[in-house]
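Below, each chain spelled out in residue letters.
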Amino acid sequence: MNDLEIDYSKYESSVNRKGKHVHDQRDEKPAVGKGLALFSPQPHNKKLRGESSTGRRRRTSSLNWPKQLKAQEVAQKFISCNPFFTVFITPNCLKEYRLNVPTMKDYIEDKREDVMLKVGKRQWQVKLLPCHNASRRFSGGWSLFANENGLQAEDVCVFELINMEDLVFKVHVFK
(Lines give C-alpha, C1' and ligand atoms only; values in the text may rest on other atoms or scores of the structure.)
Protein backbone atom coordinates (compact mmCIF):
# COMPACT_ATOMS: atom_id res chain seq x y z
CA MET A 1 0.00 0.00 0.00
CA ASN A 2 1.44 3.41 -0.92
CA ASP A 3 0.66 6.79 0.67
CA LEU A 4 -2.25 7.42 -1.67
CA GLU A 5 -4.17 4.23 -0.94
CA ILE A 6 -6.76 3.90 1.81
CA ASP A 7 -7.38 0.73 3.76
CA TYR A 8 -11.19 0.58 3.61
CA SER A 9 -11.37 -2.44 5.92
CA LYS A 10 -11.27 0.06 8.82
CA TYR A 11 -14.68 1.41 7.91
CA GLU A 12 -18.17 0.04 8.28
CA SER A 13 -21.40 1.19 6.74
CA SER A 14 -24.93 1.17 8.04
CA VAL A 15 -28.26 2.04 6.47
CA ASN A 16 -30.79 4.28 8.18
CA ARG A 17 -34.57 4.01 8.33
CA LYS A 18 -34.89 5.99 5.10
CA GLY A 19 -32.45 3.78 3.18
CA LYS A 20 -29.55 6.27 3.40
CA HIS A 21 -26.03 5.06 4.19
CA VAL A 22 -23.89 6.48 6.97
CA HIS A 23 -20.34 5.48 7.79
CA ASP A 24 -18.46 4.92 11.02
CA GLN A 25 -14.74 4.41 11.41
CA ARG A 26 -13.93 1.53 13.76
CA ASP A 27 -11.67 2.09 16.74
CA GLU A 28 -11.16 5.77 15.93
CA LYS A 29 -9.92 7.89 18.80
CA PRO A 30 -12.07 10.91 19.71
CA ALA A 31 -11.06 14.27 18.32
CA VAL A 32 -10.49 16.12 21.56
CA GLY A 33 -8.38 19.23 21.51
CA LYS A 34 -7.51 21.64 18.74
CA GLY A 35 -7.02 19.12 15.90
CA LEU A 36 -9.81 18.17 13.53
CA ALA A 37 -10.70 14.64 12.53
CA LEU A 38 -10.18 13.59 8.92
CA PHE A 39 -12.69 11.05 7.69
CA SER A 40 -12.70 9.04 4.46
CA PRO A 41 -15.73 6.80 3.91
CA GLN A 42 -15.84 3.43 2.22
CA PRO A 43 -16.89 3.67 -1.44
CA HIS A 44 -20.30 2.31 -2.42
CA ASN A 45 -22.54 2.11 -5.47
CA LYS A 46 -25.68 3.96 -4.37
CA LYS A 47 -25.66 7.76 -4.75
CA LEU A 48 -25.82 9.46 -1.37
CA ARG A 49 -26.17 12.97 0.00
CA GLY A 50 -23.01 14.92 -0.72
CA GLU A 51 -22.09 12.73 -3.67
CA SER A 52 -21.18 14.31 -6.97
CA SER A 53 -22.46 13.19 -10.36
CA THR A 54 -19.23 11.21 -10.83
CA GLY A 55 -20.17 9.03 -7.84
CA ARG A 56 -17.43 10.36 -5.57
CA ARG A 57 -18.30 11.35 -2.02
CA ARG A 58 -17.65 14.89 -0.95
CA ARG A 59 -17.70 16.35 2.49
CA THR A 60 -20.92 17.59 4.00
CA SER A 61 -21.24 20.94 5.69
CA SER A 62 -22.62 21.67 9.11
CA LEU A 63 -26.43 21.53 9.30
CA ASN A 64 -26.29 24.83 11.17
CA TRP A 65 -24.05 27.88 11.11
CA PRO A 66 -23.13 28.95 14.64
CA LYS A 67 -22.83 32.65 15.50
CA GLN A 68 -19.55 32.39 17.40
CA LEU A 69 -16.32 32.73 15.39
CA LYS A 70 -14.61 29.81 17.17
CA ALA A 71 -17.51 27.49 16.34
CA GLN A 72 -17.65 28.75 12.73
CA GLU A 73 -13.96 27.89 12.28
CA VAL A 74 -14.49 24.37 13.64
CA ALA A 75 -17.58 23.85 11.46
CA GLN A 76 -15.73 25.02 8.36
CA LYS A 77 -12.68 22.80 8.95
CA PHE A 78 -14.50 19.67 10.11
CA ILE A 79 -14.45 16.97 7.43
CA SER A 80 -17.10 14.27 7.20
CA CYS A 81 -19.42 12.65 4.70
CA ASN A 82 -22.01 12.16 7.46
CA PRO A 83 -24.49 14.84 8.51
CA PHE A 84 -23.26 16.90 11.45
CA PHE A 85 -23.99 20.06 13.39
CA THR A 86 -21.78 22.34 15.44
CA VAL A 87 -22.53 23.78 18.89
CA PHE A 88 -20.73 26.44 20.90
CA ILE A 89 -21.11 25.51 24.56
CA THR A 90 -22.43 28.38 26.67
CA PRO A 91 -22.85 28.50 30.47
CA ASN A 92 -26.62 28.06 29.97
CA CYS A 93 -26.06 24.76 28.09
CA LEU A 94 -24.33 23.44 31.19
CA LYS A 95 -26.61 24.73 33.95
CA GLU A 96 -30.04 24.29 32.28
CA TYR A 97 -29.48 20.55 31.63
CA ARG A 98 -30.45 20.84 27.95
CA LEU A 99 -28.85 21.73 24.65
CA ASN A 100 -30.69 23.24 21.68
CA VAL A 101 -29.77 21.59 18.39
CA PRO A 102 -30.91 21.99 14.76
CA THR A 103 -34.03 20.20 13.56
CA MET A 104 -32.25 17.55 11.38
CA LYS A 105 -35.59 16.99 9.60
CA ASP A 106 -33.95 15.26 6.63
CA TYR A 107 -32.42 12.64 8.91
CA ILE A 108 -34.51 12.23 12.07
CA GLU A 109 -38.29 12.24 12.47
CA ASP A 110 -39.72 15.22 14.35
CA LYS A 111 -40.73 13.31 17.46
CA ARG A 112 -39.26 12.37 20.83
CA GLU A 113 -36.31 10.02 20.28
CA ASP A 114 -33.66 8.32 22.37
CA VAL A 115 -30.23 8.94 20.85
CA MET A 116 -26.77 7.76 21.76
CA LEU A 117 -23.88 10.22 22.16
CA LYS A 118 -20.51 8.55 21.72
CA VAL A 119 -17.03 9.75 22.66
CA GLY A 120 -14.34 7.16 22.02
CA LYS A 121 -15.66 3.83 23.28
CA ARG A 122 -18.00 5.38 25.86
CA GLN A 123 -21.61 6.25 25.15
CA TRP A 124 -24.52 8.03 26.82
CA GLN A 125 -28.24 7.75 26.14
CA VAL A 126 -29.88 11.17 25.78
CA LYS A 127 -33.44 12.28 25.00
CA LEU A 128 -33.90 14.28 21.79
CA LEU A 129 -37.08 16.33 22.07
CA PRO A 130 -38.94 18.40 19.46
CA CYS A 131 -39.42 22.08 20.36
CA HIS A 132 -42.16 24.53 19.43
CA ASN A 133 -39.79 26.73 17.37
CA ALA A 134 -38.87 24.07 14.76
CA SER A 135 -35.67 23.13 16.56
CA ARG A 136 -34.81 20.19 18.80
CA ARG A 137 -33.01 19.78 22.07
CA PHE A 138 -31.03 17.20 23.98
CA SER A 139 -32.63 16.84 27.39
CA GLY A 140 -32.57 13.88 29.82
CA GLY A 141 -29.02 12.56 29.96
CA TRP A 142 -27.42 15.72 28.54
CA SER A 143 -26.08 16.96 31.90
CA LEU A 144 -24.48 13.59 32.68
CA PHE A 145 -22.84 13.57 29.23
CA ALA A 146 -21.58 17.16 29.69
CA ASN A 147 -20.24 16.48 33.20
CA GLU A 148 -18.52 13.19 32.38
CA ASN A 149 -16.82 14.74 29.35
CA GLY A 150 -15.69 17.84 31.23
CA LEU A 151 -17.48 20.24 28.90
CA GLN A 152 -16.90 23.88 29.74
CA ALA A 153 -18.22 27.18 28.45
CA GLU A 154 -16.58 28.11 25.11
CA ASP A 155 -15.89 24.50 24.10
CA VAL A 156 -17.14 23.59 20.64
CA CYS A 157 -18.81 20.24 19.97
CA VAL A 158 -19.45 18.65 16.60
CA PHE A 159 -22.24 16.07 16.65
CA GLU A 160 -21.72 13.69 13.72
CA LEU A 161 -24.63 11.35 12.93
CA ILE A 162 -22.83 8.06 12.31
CA ASN A 163 -25.79 5.69 12.56
CA MET A 164 -29.22 6.85 11.43
CA GLU A 165 -30.95 3.58 12.26
CA ASP A 166 -29.99 3.60 15.94
CA LEU A 167 -29.52 7.42 16.09
CA VAL A 168 -25.89 7.43 17.21
CA PHE A 169 -23.91 10.68 17.23
CA LYS A 170 -20.14 10.67 17.46
CA VAL A 171 -19.25 13.77 19.47
CA HIS A 172 -16.01 15.63 18.77
CA VAL A 173 -14.99 18.11 21.48
CA PHE A 174 -12.73 21.07 20.73
CA LYS A 175 -11.35 22.94 23.76
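Residues numbered from 1 in each chain as written. Predicted model: local features only at pLDDT ≥ 70, side-chain atom pairs only at ≥ 80, totals over all residues. Heavy atoms only, no water.

Asks: What am I meant to see in the environment of Lys118 here?
Replies: With respect to the secondary-structure elements, Lys118 resides in strand S5 (residues 113-119). You can call Lys118 partly exposed: its relative accessible area is 23%. For the pair Lys118 and Phe169, spaced 51 residues apart in sequence, the C-alpha separation works out to 6.0 Å. (Helix = DSSP H or I, 4+ residues; strand = E, 2+ residues; numbered from the N terminus. Buried < 20%, exposed > 50% of the residue type's maximum accessible area, 1.4 Å probe, protein only.)

Asks: What exactly am I supposed to notice about the pairing of strand S8 (residues 156-163) here?
Replies: Every regular strand shows the same layout, with side chains that alternate between the two sheet faces. Among the eight residues that make up S8, eight are buried, leaving the element largely enclosed by the rest of the structure. Pairing between strand S3 (residues 84-88) and S8: five bridges, direction antiparallel. In the sheet register, Phe85 faces S8, and the bridge partner there is Phe159. Relative to strand S9 (residues 168-174), S8 runs antiparallel, the two being bridged by seven bridges. When the sheet's bridge partners are listed, Asn163 is paired in S9 with Val168. Hairpin connection, S8 to S9: the antiparallel pair is bridged by four residues, and Leu167 has positive phi, about 55 degrees. (Pairing = 2+ DSSP bridges.)

Asks: What should I look at first to understand the sheet that holds strand S7 (residues 136-138) in this one?
Replies: Sheets are built from strands that pair by backbone hydrogen bonding, the pairs being arranged parallel or antiparallel. Taken in spatial order, the seven strands make up an open sheet running S3-S8-S9-S5-S6-S7-S4, and their pairing is mixed. At either margin of the open sheet sits one strand with a lone partner, and together these are S3 and strand S4 (99-101). Across the sheet, the mean angle separating the axes of adjacent strands is 35 degrees when strand polarity is ignored. (Axes fitted to C-alpha atoms, helices over the stretch in contact; angles between N-to-C directions.)

Asks: Would you mind showing me how to read unusual backbone geometry here?
Replies: Excluding glycine, a negative phi dihedral is what most residues carry, and trans is how most peptide bonds are arranged. In this model, Tyr97 sits at a positive phi of 60 degrees, which is unusual for a non-glycine residue. For Met104, which is not glycine, the phi dihedral falls at a positive 60 degrees. Inspection of the secondary structure assignment puts Met104 in the loop between S4 and S5. On the basis of relative accessibility, which here comes to 5%, the residue Met104 falls in the buried class.

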